[in-house]
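# Coordinates in review
What follows is each chain in one-letter form.
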Amino acid sequence: MSVLSPEQLQRWRQDGYLIITDFYTSEDTQEMLNEARRLLKEFKLEGHPLTTFKTEVDGGHVGDDYFLGSNDKIRYFLETSSLSPATQTSPAKLLVSPERSINKIGHALAPLNPVFRRHTLECAKISQLAIDLGEHDDPRVLQSMIICKQPRIGGPVPTHNDSTFLYTDPPSAVGAWVALEECTTQNGCLSFLPGSHKTARISTRFVRAPEGGTTFEPVPGVEPNEEKWDEMDGWVEAPVRPGTLVLIHGSVMHRSPPNPSDSSRLIYTFHMIEGKAKYDERNWLQPTREMPFPSLLRG
Ligand SMILES: O=C(O)CCC(=O)C(=O)O
């Protein structure tokens, strides 16, 4: 049975995102939320390289080995403002409890964690969603993660589109973003520029830099947009309740603000790309022989 109605498909094509309220039952959502909280409680700082998740589009983006080697791991990335800067005499220190210090946990929750696996790769409704959407012949799942947006210190996610970060030739990324808690305009819900997927060109891509770390490089033959997306009229906030799944087209411009409130905003997200599109070795996230990106429909 179809998961998406013709009206929803029309909205998806028009806006480049689609909010599906109550996609997961409250029991399933609670199970994922409990698991996310359990993973946060399990986090130990000992032995952690203090990798923070930085998202500055114009530089300073995360790119150490801990991050680059996370395709087949469940790793913890810290919120930048959870750490006091290191000085000559003392190392960086956590300013909040370890479980409050986490920005995201990833990037192999769908293949490796039994709860998130059940609600992604083994979930018939997710497979049907991918079929109904019709964006991919052979959808592959990658970059599955929890994003925390912690109370008071949760940082912003600047305006971007996902195909820049999960580049394929041709571009094919689609995000599935699941609210595990109430996401409000106070605690950092997503915002979208509806229809921007029709005009935004994927003219840069996020890659491994030859000298180590990560960088952005131009996509040959693709003219950069002149639009100043951030300053354009028409941005729409998308507050959603737990259990909502938001589909995000790989070209649509979106962002989320910091969380100055006292409530956390835990979400789970994974992405899909076309298995037949070219995914090359310059991309920051690399499949391994032991863990290729799992196919959603071909087991
Ligand atoms: O959860 C957020 O605040 C941002 C997520 C996002 O932008 C993405 O998954 O592409």
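Here the structure is a predicted model, which is why all the values come from computation and not from measurement.

## Describing the site of the ligand
Around the ligand sit Ile147, Lys149, Val157, His160, Asp162, Trp177, Leu190, His254, Ser256, Arg265 and His271, and those are all the residues in its vicinity. Within the side chain of His254, a nitrogen or oxygen atom sits 2.9 Å from an oxygen atom of the ligand. Contact distances for the ligand include 2.8 Å between an oxygen atom and a side-chain N or O atom of Arg265. Among the elements of the structure, strand S7 (157-160) and strand S14 (254-256) are those that each provide at least two residues to the shell around the ligand.

## Details of the pattern of salt bridges
Taken as a whole, this structure holds 15 salt bridges when the rule is applied. Asp22 serves as the salt-bridge partner of Arg241, at 2.7 Å between the closest nitrogen and oxygen. Linking Arg241 in the loop between strand S12 (236-238) and strand S13 (245-249) with Asp22 in the loop between strand S1 (17-20) and helix H2 (26-42), this pair joins segments that are 219 residues apart in sequence. Note on Arg241: relative accessible area 41%, which makes it partly exposed. Here Asp22 falls in the partly exposed class, since its relative accessible area comes to 44%. A salt bridge links Glu122 to Arg117, with the nearest nitrogen and oxygen atoms 2.8 Å apart. Here the salt bridges share partners, and the residues they tie into one network are Arg205, Glu217, Asp280 and Arg282.

## Thoughts on the side chain of Gln143
Among the structural elements, Gln143 can be located in strand S6 (residues 139-147). The exposure class assigned to Gln143 is buried, which follows from its relative accessible area of 10%. Those residues within four positions of Gln143 in sequence are excluded, and the remaining contacts are His107, Leu166, Thr269, Phe270, His271, Trp284 and Leu285.

## A look at the nonpolar core
One finds Ile126, Leu129, Ile146, Leu245, Leu247 and Tyr268 to be the most contacted residues of the largest nonpolar core, which totals 58 residues. Ranked by the residues each element gives to this core, the list is headed by H2, at five residues. Once residues within four sequence positions are removed from consideration, Ile126 is found in contact with Phe23, Tyr24, His119, Thr120, Leu245, Phe270 and Leu296.

## Focus on helix H6 (residues 124-133)
For H6, the set of buried residues is Ile126, Ser127, Leu129, Ala130, Asp132 and Leu133. Residues of H6 that are buried in the fold lie against helix H1 (6-15), S1, S6, strand S8 (174-179), S13 and strand S15 (267-274). A positive backbone phi angle near 70° is found at Gly134, which sits one or two residues after H6.

## Re the sheet that holds strand S5 (residues 102-107)
Taken in spatial order, the seven strands make up an open sheet running S1-S13-S8-S15-S6-S5-S2, and their pairing is antiparallel. Here the strands that pair on one side only, and so sit at the sheet edges, are S1 and strand S2 (74-78). Here the average twist between neighbouring strands, direction ignored, is 20°. Of the strands in this sheet, S1, S8 and S13 touch H1, which is tilted by about 140° from S1. Against the sheet, H6 touches S1, S6, S8, S13 and S15, its axis set at about 40° to S13.

## Here we look at the sheet that holds S12
Within a sheet, adjacent strands bond to each other through the backbone by hydrogen bonds, running parallel or antiparallel. Reading across the sheet, the four strands line up as S7-S14-S9-S12 and stay open at both edges, with antiparallel pairing between neighbours. Every other strand in the sheet has two partners, leaving S7 and S12 as the edge strands with one partner each. Geometrically, the sheet is characterised by an average inter-axis angle of 25° between neighbouring strands, direction not taken into account. In terms of strand pairing, strand S9 (residues 190-192) meets S14 through two bridges, oriented antiparallel. Residue pairing in the sheet places Ser191 in a bridge with Arg255 of S14.

## Let's talk about H1
The set of residues buried in H1 consists of Gln8, Leu9, Trp12 and Asp15. Down the axis, H1 shows its buried residues gathered within 150° of arc, on one side only. Every exposed residue of H1 that faces more than 90 degrees away from the buried side is listed here: Pro6, Gln10 and Arg13. Its buried side turned inward, H1 meets S1, H6, S8 and S13.

Here is what the cut-offs are and how they apply
- Residues numbered from 1 in each chain as written.
- Predicted model: local features only at pLDDT ≥ 70, side-chain atom pairs only at ≥ 80, totals over all residues.
- Heavy atoms only, no water.
- Near = heavy atom within 4 Å.
- Polar contact = N/O pair within 3.5 Å; in protein donor to acceptor, adjacent residues only side chain to side chain.
- Helix = DSSP H or I, 4+ residues; strand = E, 2+ residues; numbered from the N terminus.
- Salt bridge = Lys/Arg side-chain N within 4 Å of Asp/Glu carboxyl O.
- Buried < 20%, exposed > 50% of the residue type's maximum accessible area, 1.4 Å probe, protein only.
- Contact = heavy atoms within 4.5 Å.
- Core = buried A, V, L, I, M, F, W, Y, C linked by side-chain atoms within 4.5 Å.
- Pairing = 2+ DSSP bridges.
- Axes fitted to C-alpha atoms, helices over the stretch in contact; angles between N-to-C directions.
- Arc of directions from axis to C-beta.

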